[in-house]
Amino acid sequence: MVLLHVLFEHAVGYALLALKEVEEISLLLPQVEECVLNLGKFHNIVRLVAFCPFASSQVALENANAVSEGVVHEDLRLLLETHLPSKKKKVLLGVGDPKIGAAIQEELGYNCQTGGVIAEILRGVRLHFHNLVKGLTDLSACKAQLGLGHSYSRAKVKFNVNRVDNMIIQSISLLDQLDKDINTFSMRVREWYGYHFPELVKIINDNATYCRLAQFIGNRRELNEEKLEKLEELTMDGAKAKAILDASRSSMGMDISAIDLINIESFSSRVVSLSEYRQSLHTYLRSKMSQVAPSLSALIGEAVGARLIAHAGSLTNLAKYPASTVQILGAEKALFRALKTRGNTPKYGLIFHSTFIGRAAAKNKGRISRYLANKCSIASRIDCFSEVPTSVFGEKLREQVEERLSFYETGEIPRKNLDVMKEAMVQAEEAAAEMARKLEKQEKKRLKKEKKRLAALALASSENNSSTPEECEETNERPKKKKKQKPQEIPQENGMEDPPVPVSKPKKKKSFSKEELVSSDLEETAGSVSLPKRKKSAPKEEPVSDAEEAGTRIIPKKKRKFSSKEEPLSSGPEEAAGSKSSSSKKKKKLRKLAQED
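About the cut-offs
- Residues numbered from 1 in each chain as written.
- Predicted model: local features only at pLDDT ≥ 70, side-chain atom pairs only at ≥ 80, totals over all residues.
- Heavy atoms only, no water.
- Helix = DSSP H or I, 4+ residues; strand = E, 2+ residues; numbered from the N terminus.
- Expected span 1.5 Å × (residues − 1).
- Bend = angle between axes of the 7 residues up to and from the residue.
- Core = buried A, V, L, I, M, F, W, Y, C linked by side-chain atoms within 4.5 Å.
- Buried < 20%, exposed > 50% of the residue type's maximum accessible area, 1.4 Å probe, protein only.
- Domains from an automatic or database assignment.
- Contact = heavy atoms within 4.5 Å.
- UniProt positions renumbered as here; feature names shortened; annotations may be inferred.
- Phe/Tyr/Trp six-rings, centres within 6.5 Å; stacked < 30°, edge-to-face > 60°.
- Lys NZ or Arg CZ within 6 Å of the ring centre and 35° of its normal.
- Salt bridge = Lys/Arg side-chain N within 4 Å of Asp/Glu carboxyl O.

A.B. asks: Got a minute to help me understand helix α7 (residues 117–132) in this structure?
C.D. replies: An α-helix turns once per 3.6 residues; consequently, residues spaced three or four apart project the same way. For α7, built from 16 residues, the straight-helix expectation of 22 Å at 1.5 Å per residue is missed by more than 12%, its first-to-last C-alpha distance being only 19 Å. A bend of about 50° at Arg-126 is the largest found in α7.

Quick look at the structure:
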């Protein structure tokens, strides 16, 4: 009897299940299909044979890619060879994907089956998988599926920021809206300023130029020959500038107040800024079209190509359209009206704005529109699916349309499409090689700059490292110098704070010199009596000298003890006065002693 096994691929791993001996016909009964929803009844039909979990999310992604591409992964091969019976003819393996089934049958030799009963069983396994595997919860299974889905989508969808057609759709929509708004506002400016200068409307037809002139002229009575040069710059035509000057002198317009002119000028400045923004937006659209759809823009123009992409919804959708749909894209209302009334269907839609249809004769407009739609379809597919964007194919397709136009007019036979495409392929390969060389040069320049930057950083860091010990030595030397200077500075500071210390030395000189003078005078007056005087004066001199010597050492409180007897220790003019008074007292005492003797 053939044993039926089922292979189930999940985000957490592979599961191999075996069906119990049940007839295949009974499995297709509606009652059995209902049993799939019941876990208890489903266990009676299916049992889990083996489960091989994925080691990591990266391994899960590799297995998912292999299954989607119809390749047997090593993990799947190991699971099947290990747990399936060795007699391969007696085994029937049920799989959900026919591609992986064909690969297993080709590589491993097991008979595989898809659809029918297998689909119902896999539906039940998918529903009750977290109950069949021990340790797996519904929440963890859902998280694994979500993570694998995101990583698989990221790997499959190659998202290129430079080739996003959403920006083209928004830009062309805004460009059309700006055209409408600028026309409406310009007509308002024409009507408003026309009350004051009605002749200007007939001379200037361009809306943006009219708004600039309205802003520049203001009151027409102030327009003179000095402003003629500026008028020529704005109008780009000397004759028109002269006509405006002449018309301002003989204008039939009404006078206008200053406040009205201010409002007109401010509104016209807004319109001028809008027109300037419209030009910058058109430049941006051209650059985006050259990146996203270079062939289509080279064939039919940036504006028409962008409108086709916007109407289709994306470049991919446009590439999927047949040429007959591209031909009438934008004329759906006329098409359905023609189908309803059984009239003639439209010959062209948005591609009517290209220059080719306008240049063709009336009888050839339908033919050239059909041919142009065919080439637009080819160009959109090349832009959508080519890896390297190039405008070579668009230029060649444009040449073909030009040749077809000349064929309608002159009958000159155009070149074959095969020959043109061969030339285009050669040129495209050359352009791709040149672009690759440019990219290599840019990469080399970038690497050189990076190396220079890294070398400069390394040099700067080495200089910093070498300079740090020198700085440390300098910082160590500086405090040493300060220490040497401090003992020299300390006496100066003490001399400023404690006045007796620096003045003490001259005090000794002054005091001893005066005493010596006094003693010399006394010796002259009384020659023999000088000995006791010296004896008495000597002990009196000792405390003075002791006090003076101690003045440098003792606290100011001790100085106050000797201040009554020795006032010469004070600084300044007070010191001089005190020294004189003390010397005079000593003279009197010595004279008294001499008289007594």
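This is not the end of the story, as more comes after the structure.
A.B. asks: What is the right way to look at the nonpolar core in this model?
C.D. replies: Here is a general trend for soluble globular proteins: nonpolar side chains tend to be buried in one another's company. Counting 46 residues, the largest nonpolar core has Leu-296, Leu-299, Ile-300, Ile-309, Leu-318 and Leu-372 as its most contacted members. Two domains share this core, each providing at least three of its residues, namely domain 2 (166–281) and domain 3 (299–434). Excluding its chain neighbours within four sequence positions, the residues that come into contact with Leu-299 are Phe-356, Leu-372, Lys-375, Cys-376, Ala-379, Gly-394, Leu-397, Arg-398 and Val-401.

A.B. asks: Would you mind showing me how to read the UniProt feature "coiled-coil region" (unreviewed entry) in the protein here?
C.D. replies: Feature annotation in UniProt assigns "coiled-coil region" (unreviewed entry) to the following positions: residues 418–457. When the span residues 418–457 is considered, its composition is 100% helix and 0% strand, and the gap between its end C-alpha atoms is 58 Å.

A.B. asks: So what exactly am I meant to see when it comes to the packing of aromatic side chains here?
C.D. replies: Think of a pair of aromatic rings as described by two things: how far the centres are apart, and how the planes are tilted against each other in angle. Applying the stated criterion across every chain yields a total of 8 aromatic pairs. With a centroid separation of 5.2 Å and 50° between ring planes, the pair formed by Phe-8 and Phe-129 is classed as tilted. In this pair, Phe-8 is assigned in strand β1 (residues 3–9) and Phe-129 in helix α7, connecting sequence segments 121 residues apart. The exposure class of Phe-129 is buried, given its relative accessible area of 3%. Here the aromatic rings of Phe-185 and Phe-267 are separated by 5.8 Å at their centres, their planes lie at 70°, and the arrangement is edge-to-face. One end of the pair, Phe-185, is in helix α9 (residues 166–194); the other, Phe-267, is in helix α14 (residues 258–292), with 82 residues separating them in the sequence. In this structure an aromatic cluster arises from ring pairing among Phe-8, Phe-51 and Phe-129. Directly above the ring of Tyr-210 sits Arg-190, whose terminal nitrogen or CZ lies 4.7 Å from the centroid. Seen from the ring of Phe-216, Lys-227 lies directly overhead, with NZ or CZ sitting 5.9 Å from the centre.

A.B. asks: So what exactly am I meant to see when it comes to unusual backbone geometry here?
C.D. replies: Of all residues except glycine, most have a negative phi; of all peptide bonds, most are trans. Phi angles above zero are rare outside glycine, and Met-236 is one such case at about 60°. Structurally, Met-236 can be placed in the loop between α12 (228–235) and α13 (238–249). Taking relative accessible area as the criterion, Met-236 reaches 71% and is therefore assigned exposed. You will see that Arg-342, though not glycine, has its phi angle at about 60°, which is positive. Along the chain, Arg-342 turns up in the loop between α19 (332–341) and α20 (355–359).

A.B. asks: Hey, could you run me through the pattern of salt bridges in this one?
C.D. replies: Enumeration according to the criterion identifies 19 salt bridges in this entry. With its nearest N and O atoms 2.7 Å apart, the salt bridge here joins Glu-107 to Arg-77. Placement of Glu-107 in helix α6 (residues 98–107) and of Arg-77 in helix α5 (residues 74–83) is noted, with a sequence separation of 30 residues between them. By relative accessible area, Glu-107 is classed as partly exposed at 42%. By relative accessible area, Arg-77 is classed as partly exposed at 22%.

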